[in-house]
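Overview (structure and organization)
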There are 2 protein chains.
Amino acid sequence: MSIIVQKYGGTSVADADRIRAVADRIVRYRENGHDVVVVVSAMGDTTDDLLMLAQEISPVPEPRELDMLLTAGERIAMSLLAIAVNARGCRAASYTGSQAGIITDTRHGQAKIVEIRPKRIRESLEAGNVVIVAGFQGLSTNYDITTLGRGGSDTTAVAMAAALGAEVCEIYTDVDGVFTADPRVVRTARRIDRISYEEMLELAAAGAKVLQSRSVEYARRTGVRVHVRSSFTDEPGTWVVGEEQDVEVGMEAALISGVALDDTEAKVTLEQVPDRPGVAATIFKAVAAEAVNVDMIVQNVSHQGTTDLSFTIPRDEVPRVESVLERIVKEIGAPRYTVDEQIAKVSLVGAGMKSHPGVAADMFEALSEQGINIEMISTSAIRISCVVRAGDAERAVRAIHTRFGLDGEAPRAEG
Amino acid sequence: MSIIVQKYGGTSVADADRIRAVADRIVRYRENGHDVVVVVSAMGDTTDDLLMLAQEISPVPEPRELDMLLTAGERIAMSLLAIAVNARGCRAASYTGSQAGIITDTRHGQAKIVEIRPKRIRESLEAGNVVIVAGFQGLSTNYDITTLGRGGSDTTAVAMAAALGAEVCEIYTDVDGVFTADPRVVRTARRIDRISYEEMLELAAAGAKVLQSRSVEYARRTGVRVHVRSSFTDEPGTWVVGEEQDVEVGMEAALISGVALDDTEAKVTLEQVPDRPGVAATIFKAVAAEAVNVDMIVQNVSHQGTTDLSFTIPRDEVPRVESVLERIVKEIGAPRYTVDEQIAKVSLVGAGMKSHPGVAADMFEALSEQGINIEMISTSAIRISCVVRAGDAERAVRAIHTRFGLDGEAPRAEG
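Below is a short write-up of the structure. A quick note: this is a predicted structure, and the numbers were derived from the prediction, not measured. (Residues numbered from 1 in each chain as written. Chains lettered and ligands numbered in written order. Predicted model: local features only at pLDDT ≥ 70, side-chain atom pairs only at ≥ 80, totals over all residues. Heavy atoms only, no water.)

A look at helix H2 (residues 46-57) of chain A
Its 12 residues give H2(A) an end-to-end C-alpha distance of 17 Å, which sits within 8% of 16 Å, the value for a rise of 1.5 Å per residue. For H2(A), every residue scored as buried is listed here: Thr46(A), Thr47(A), Leu50(A), Ala54(A) and Ile57(A). Buried residues along H2(A) cover an arc of 100° about the axis, so they all sit on one side. Tucked inside the fold, the buried residues of H2(A) contact helix H3 (63-87) of chain A together with helix H1 (16-31) and helix H3 (63-87) of chain B. (Helix = DSSP H or I, 4+ residues; strand = E, 2+ residues; numbered from the N terminus. Expected span 1.5 Å × (residues − 1). Buried < 20%, exposed > 50% of the residue type's maximum accessible area, 1.4 Å probe, protein only. Arc of directions from axis to C-beta. Contact = heavy atoms within 4.5 Å.)

Some points on the interface of chain B and chain A
Every contact between the two is made by 40 residues of chain B and, on the other side, 40 residues of chain A. The junction of chain B with chain A conceals about 3,200 Å² of combined surface from both sides, 64% of it contributed by carbon and sulfur atoms. A per-residue breakdown of the area chain B buries against chain A is headed by Ile57(B), Arg75(B) and Ile83(B), which together make up 23% of the total. Our count for the contact surface shared by chain B and chain A stands at two salt bridges. For Asp144(B), the salt bridge goes to Arg120(A), with nearest N and O atoms at 2.8 Å. Secondary-structure elements contributing two or more residues to the side of chain B that touches chain A are H1, helix H2 (46-57), H3 and strand E3 (92-95) of chain B. If one sorts the elements of the side of chain B that touches chain A by residue count, H3(B) sits on top with 17 residues. (Buried area = accessible area lost by both parts, 1.4 Å probe. Salt bridge = Lys/Arg side-chain N within 4 Å of Asp/Glu carboxyl O.)

With respect to the relation of the copies chain B and chain A
Rotating chain B by 179° about the axis while translating it 0.1 Å along that axis superimposes it on chain A, leaving an RMSD of 0.2 Å. What we have between these two chains is a two-fold relation. Using C-alpha coordinates, one finds that chain B approaches the rotation axis most closely at Ala72(B), a distance of 2.4 Å. Most of the interface of chain B is mirrored in chain A, where 100% of its interface residues again form contacts. (Least-squares fit on C-alpha atoms with pLDDT ≥ 70 in both.)

Thoughts on the sheet that holds strand E16 (residues 306-314) of chain A
Residue and element names in this part refer to chain A. The strand order across the open sheet built from four strands is E15-E16-E14-E17, with neighbouring strands paired in antiparallel fashion. Strand pairing shows two members of the sheet lacking a second neighbour, strand E15 (297-299) and strand E17 (336-340), which therefore form its edges. Strand-to-strand, the axes of this sheet are offset by a mean angle of 15°, without reference to chain direction. Across five bridges, strand E14 (residues 265-274) lies against E17 in antiparallel orientation. Its bridge partner being in E17, Thr269 is matched across the sheet by Thr338. On the sheet, helix H8 (residues 279-289) packs against E14, E15 and E16 and is oriented at approximately 20° with respect to E16. (Pairing = 2+ DSSP bridges. Axes fitted to C-alpha atoms, helices over the stretch in contact; angles between N-to-C directions.)

Here we look at the packing of helix H10 (residues 359-369) of chain B against helix H11 (residues 393-403) of chain B
Residues and elements named next belong to chain B. For the pair H10 and H11, the least separation of the axes is 9 Å and the interaxial angle reads 130°. When the axis of H10 is compared with that of H11, the two are oblique. Along this stretch, H10 crosses H11, giving a crossing that reads as right-handed. Two secondary-structure elements touch here, H10 through Asp362, Met363, Glu365, Ala366, Leu367 and Glu369 and H11 through Ala396, Ala399, Ile400 and Arg403. Residues that form the contact of H10 with H11 fall into these classes: six nonpolar, no polar and four charged. (Parallel < 35°, antiparallel > 145°, perpendicular 65-115°, else oblique. Left-handed = near helix turned anticlockwise from the far one by under 90°. Nonpolar A, V, L, I, M, F, W, Y, C, P; charged D, E, K, R; others polar.)

Points about the nonpolar core
Counting residues in hydrophobic clusters, the biggest one holds 86 residues, and the most contacted among them are Leu81(A), Val85(A), Ile132(A), Leu81(B), Val85(B) and Ile132(B). Beyond its immediate chain neighbours, meaning those up to four positions away, Leu81(A) contacts Ile19(A), Val22(A), Ala23(A), Ile26(A), Val38(A), Val40(A) and Ile132(A). (Core = buried A, V, L, I, M, F, W, Y, C linked by side-chain atoms within 4.5 Å.)

Some points on H8(A)
Residues and elements named next belong to chain A. Residues of H8 that are buried include every one of Val279, Ile283, Phe284, Ala286 and Val287, and no others. One face of H8 carries all of its buried residues, which in axial projection span an arc of 155°. Summarising the geometry of H8, the exposed residues directed more than 90 degrees from the buried face are Lys285 and Ala289. Next to the buried residues of H8 lie E14, E15, E16 and helix H9 (318-332). Ala291 sits one or two residues past H8 and shows a positive phi near 60°.

Observations concerning the pairing of E14(A)
All names here are of chain A. With nine of 10 residues buried, E14 is to be regarded as a mostly interior element. Sheet topology note: the E14/E16 ladder contains eight bridges and is antiparallel. Opposite Val268, over in E16, you have Phe311 as the bridge partner.

Looking at the packing of helix H5 (residues 152-164) of chain A against helix H7 (residues 213-222) of chain A
Residues and elements named next belong to chain A. The interhelical angle for the contact between H5 and H7, taken along N-to-C directions, is 15°, at an axis separation of 8 Å. Judged on the interaxial angle alone, H7 and H5 are roughly parallel. The two elements H5 and H7 cross, and the hand of that crossing is left-handed. Contact with H5, carried on its side by Asp154, Thr155, Val158, Ala159 and Ala162, involves Arg214, Ser215, Tyr218, Ala219 and Thr222 of H7 and no other residues of that element. In terms of residue class, the contact of H5 with H7 is built from five nonpolar, three polar and two charged.

Here's the deal with unusual backbone geometry
All names here are of chain A. The backbone phi angle of Phe136 is positive, close to 80°, even though this residue is not glycine. Relative to the helices and strands, Phe136 is located in the loop between strand E6 (130-134) and strand E7 (137-140). Phi is positive for Tyr143, close to 70°, though the residue is something other than glycine. With respect to the helices and strands, the residue Tyr143 is situated in the loop between E7 and strand E8 (145-147).

What about the packing of aromatic side chains?
Under the definition given, this model contains four aromatic pairs over all chains. Consider the rings of Tyr8(B) and Tyr172(B), whose centres lie 4.7 Å apart with planes at 10°: the pair is stacked. One end of the pair, Tyr8(B), is in strand E1 (residues 3-8); the other, Tyr172(B), is in strand E9 (residues 168-173), and 164 residues separate them in sequence. Each ring, one from Phe284(B) and one from Phe311(B), has its centre 5.0 Å from the other, and the planes form 70°; the classification is edge-to-face. On the criterion of sequence distance, the pair formed by Phe284(B) in helix H8 (residues 279-289) and Phe311(B) in strand E16 (residues 306-314) is long-range, its members being 27 residues apart. Residue classification places Phe311(B) among the buried residues on the basis of a relative accessible area of 0%. Directly above the aromatic system of Tyr218(A) lies the positively charged group of Arg221(A), at a separation of 4.9 Å from the ring centroid. (Phe/Tyr/Trp six-rings, centres within 6.5 Å; stacked < 30°, edge-to-face > 60°. Lys NZ or Arg CZ within 6 Å of the ring centre and 35° of its normal.)

Digging into the environment of Leu255(A)
Relative to the elements of secondary structure, Leu255(A) occurs in the loop between strand E12 (238-241) and strand E13 (258-262). Every residue in contact with Leu255(A), bar those within four places of it in the chain, is listed here: Gly350(A), Ala351(A), Gly352(A), Met353(A) and His356(A).

As structure tokens, then:
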């Protein structure tokens, strides 16, 4: 029998009514003859509430204990969902990450899955159960409870789908799929029918929030077909698949997938950095030692032996990195650094741009027509990102969306 | 190094401030050179809240899943407490029932501990940690999560103390110890300094709520010394120990320990039951098959071949037992049964009454002086219980308390 993995996010199970609606959907799939494995996140704001409680007690909660605390959220959601499915006369059993055989490394708060041992899950499926698995959590190789980081439930779902050889991994969410741009910013944004792993990765990295990057990487590595769709309708959503994979919506891939906006970063500039070998290494090793993720890096050409070096980091990590920057500028002999939090990153993503020259030029022109200044540029084979003033960002997204013919026919109704 | 087990109930960890206060106490013990193992209940009303959530989804939640759900409560409390202790610079680690090696049978909702495998707890203590263990929960021999039933955290604490050979099991609560009567009913009630396991068992069974009977049985079987005390003060509370055990408060045991009131039962009477062998067995086998706990049983002398037979059961189990009673009266040929919910049970407990004749007579006289009618009587070697009208119960408790010289000198201030 074919196995379907379904993942429901926090909004899909936010209260008793929604949990019952999710149970109805699960039972329908079961009655259609599928083996169903459900991965569930914590209800609504539970994780944030628990986090606040921990911070009320300590500003820097012990990571091992914080993981123990946060995993209570999925435990509550999964058992309530199992109760709801059982109440419909359909047998269901819930399993913690540990019971489901999700083995991780020991990095509390952002553990990586190192192995899945799905023996118990298989036995439960064979016994006729709908299997419900806690997302976001695992058991470390030290036998401690770990969490996979924000959005980790997506990764749990893809990893379970890979381990079980599932037909599809359905990611249920509160939107209808992946869009050509955020519908709140671009009212004419359209749902994408299919998108490649690579494009989805670039979109996710560029700020699209619908899927966690790590889960897309995992799906690409294991070839799991992912279907992102709404938990409030039965409409198909967006298929995230390999370029060579067939899906029911067998249409040709578009030139451009979409436009993403990321307004969570800050730009750090080190001015008049001595332009000699080893300086960049010194800087980024020191930043990496603080476990801060650097995104874009731009270095201008040298003038009189010095250069300006800029990079972007998550805005909420600025406080953590400031003391490192103080040390660095002294060490390398630069006069000062500046931090600019009023920036946003606008990205255009599409596998088609690999074979179409001029995409970058079109994008820059669309921005210049709006009088929007570009402060940093970075590109990959299928993505172009520009840093602009934060206040210009939404206008930039709309201009690019229109320029590349992504606008739908009519504004979407508010869901 | 001597090991101390401390158990904190839900009121002691009801919010962040109280959790911090408990952490302060734990750190103080640790600094005094003790190895400390802490057993903790869910915060405040968490368990009730989770139960209501489950019942909103299904009136009869699947027991396996209900246990999975409820155990989230202790998980939250224990990790927050570990965070609080760590924040004081004192290393602490929390462990679920499963991680602590608490192995139970498979009866969800009222599992019994069958074994404790404290290897991981010992290793954590040896590594210098304060060890925090989730109360109320365990792992079944089928590897499913179980709960021990209401008040199960007391049992967890005593069982851990037994398995680790702890010097003492301290039960922290929101009262100062075990009292000669409920201070809300008898304002002159006094705290008992020491009480034997047997008397404590009788008091608990007779309605005193401070300790769960099962935990006292466990302590008696394993010889664990239990100290029931307030989490809001440093005053000593009540030692629950074997009659032969010495405690710091080495005073002689009193004749009478206390007076208990239980207003949670109902009286069932089968009228004109044919007085022939096997009838009682038929009745109580049928009731036991519904897993209803029968407490007192009284059968009057026979008149013309029939007798009235009365017994008490928990009032909230009356609906469940009614259909059985319908069937029984037909089967044994009795004309009818009645259920009386307006009763209360008043009990006098004391090991001293074994060697003092006349205690029962004194108790009955105290009641008759108040014009209180006794409806049922049952006795053990160290307890006398009388069923009276519910409306007379508090007056009965006060009369007996005074008659046996239990009144303290002055009314206690409200805590």
